[in-house]
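# Chains, contacts and geometry: an overview
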Amino acid sequence: MSAAFIPPDYFRRYSAQEIFGEGDRYEVDLGCGDGGFLLELAARHPENKYLGIERLLGRIRKVCSRADRTGLTNVRGLRIESRYFLEWMAQPGSISRLHYLFPDPWPKGKHHKHRLVQPDFMPVLHRALAQDGEFLFRTDHEDYYEWVCECVRDSGLFREVEWTPGDEYPTTDFQRQWEALGRSVFSAQYRRVS
Ligand SMILES: C[S@@+](CC[C@H](N)C(=O)[O-])C[C@H]1O[C@@H](n2cnc3c(N)ncnc32)[C@H](O)[C@@H]1O
């Protein structure tokens, strides 16, 4: 089975069983880029399943061919827009962990409407996550960090928990670039409340 997940129908939801061929829960790397983080995490945890979501074709192709070459059977890559997937294609309650790492921050005020996280995104995220599902967010952009924290807090749908991954959490490709420039990293971890 190739790592590329190409849905036969974009107007219905897909279970973990349909995406991976087995299981009922999986983790998602939203905006996975070239997949450095996703593939490293999947290699370290063969017992879990990982879906990378990316809208750029060249990047998701690279992720899938790297997964196929290295024989990782617990990774799938899907080319799609993040919110569309979570809102319309993910089976409610099926995502155990959602990683949202170094997303585009859309820094200009007039572009804030393009940010993925908005007040009306929070129920979408809540519904896609499993009962005790987690949302892990990392950025180098302080303003977007505060924006996301505020949206999450105001929604009342999640509670903040201690950042648990520690040193075992792989660094992402963009993280390496930002850290090389001496930029700070802001991290937050939230758990769904029912
Ligand atoms: C700044 S890069 C970070 C990539 C990776 N997470 C990392 O830390 O190395 C953001 C990625 O998210 C993708 N992206 C941005 N908006 C997206 C959206 N709405 N849906 C899917 N992918 C998106 C971009 O194409 C890009 O690859």
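What comes next concerns the included structure. Keep in mind the model is a prediction, meaning the values are calculated, not measured.

## What about the pattern of salt bridges?
Evaluation of the coordinates by the stated rule reveals eleven salt bridges. We note a salt bridge from Asp34 to Lys62, for which the minimum N-O separation is 3.6 Å. Taken together, the residues Asp34 in the loop between strand 1 (26–30) and helix 2 (36–44) and Lys62 in helix 3 (residues 57–70) connect sequence positions 28 residues apart. Among the charged side chains, a network of salt bridges with common partners joins Arg83, Glu87 and Asp120.

## Points about the pairing of strand 5 (residues 129–139)
Judged by how many residues are buried, strand 5 sits mostly within the fold: nine of eleven residues are covered. Of the crossover connections in this fold, the one passing from strand 4 (residues 95–101) over helix 5 (residues 122–128) to the parallel strand 5 is right-handed. In this structure, strand 5 lies alongside strand 7 (residues 186–192), joined through six bridges in antiparallel fashion. Considered in strand 7, the bridge of Thr139 is made with Phe186.

## Regarding the sheet that holds strand 6 (residues 158–161)
If you walk across this open sheet you meet the seven strands as 3-2-1-4-5-7-6, and the pairing is mixed. The open sheet is flanked by strand 3 (75–79) and strand 6, the only strands paired with a single partner. Averaged over neighbouring strand pairs, the angle between their axes works out to 20° when direction is ignored. Relative to the sheet, helix 3 contacts strand 2 (50–54) and strand 3, its axis offset from that of strand 3 by approximately 165°.

## What about unusual backbone geometry?
Not every positive phi belongs to a glycine, and Phe102 is a case in point at roughly 50°. Within the secondary structure layout, Phe102 lies in the loop between strand 4 and helix 5. Here the phi dihedral of Trp106 falls at roughly 45°; this positive angle occurs in a residue that is not glycine. Following the sequence through the fold, Trp106 ends up in the loop between strand 4 and helix 5.

## Side note on the nonpolar core
Soluble, globular proteins show a tendency: their nonpolar side chains are buried together. Residues Tyr26, Phe85, Ile95, Leu98 and Phe135 are the most contacted members of the largest nonpolar core, which totals 39 residues. With six residues, helix 6 (residues 142–155) is the single largest residue contributor to this core. Ranked by size, the runner-up nonpolar core spans 19 residues in total, among them Val63, Leu101, Phe102 and Trp163.

## A word on a negative patch on the surface
A cluster of acidic residues, Glu142, Glu146, Glu150 and Asp154, forms a negative patch at the surface. Residue position: Glu150 is located in helix 6.

Conventions we followed
Residues numbered from 1 in each chain as written. Predicted model: local features only at pLDDT ≥ 70, side-chain atom pairs only at ≥ 80, totals over all residues. Heavy atoms only, no water. Salt bridge = Lys/Arg side-chain N within 4 Å of Asp/Glu carboxyl O. Helix = DSSP H or I, 4+ residues; strand = E, 2+ residues; numbered from the N terminus. Buried < 20%, exposed > 50% of the residue type's maximum accessible area, 1.4 Å probe, protein only. Right-handed = clockwise from strand over helix to strand, strands pointing away. Pairing = 2+ DSSP bridges. Axes fitted to C-alpha atoms, helices over the stretch in contact; angles between N-to-C directions. Contact = heavy atoms within 4.5 Å. Core = buried A, V, L, I, M, F, W, Y, C linked by side-chain atoms within 4.5 Å. Patch = residues over 30% accessible without salt bridge, like charges linked within 9 Å, V, L, I, M, F, W, Y side chains within 5 Å. Areas by Shrake-Rupley, 256 points an atom, 1.4 Å probe, with all protein chains shown as cover. Lys, Arg positive; Asp, Glu negative; His and termini not counted. Charge placed at Lys NZ, Arg CZ, Asp CG, Glu CD.

Structural measurements only, silent on function.
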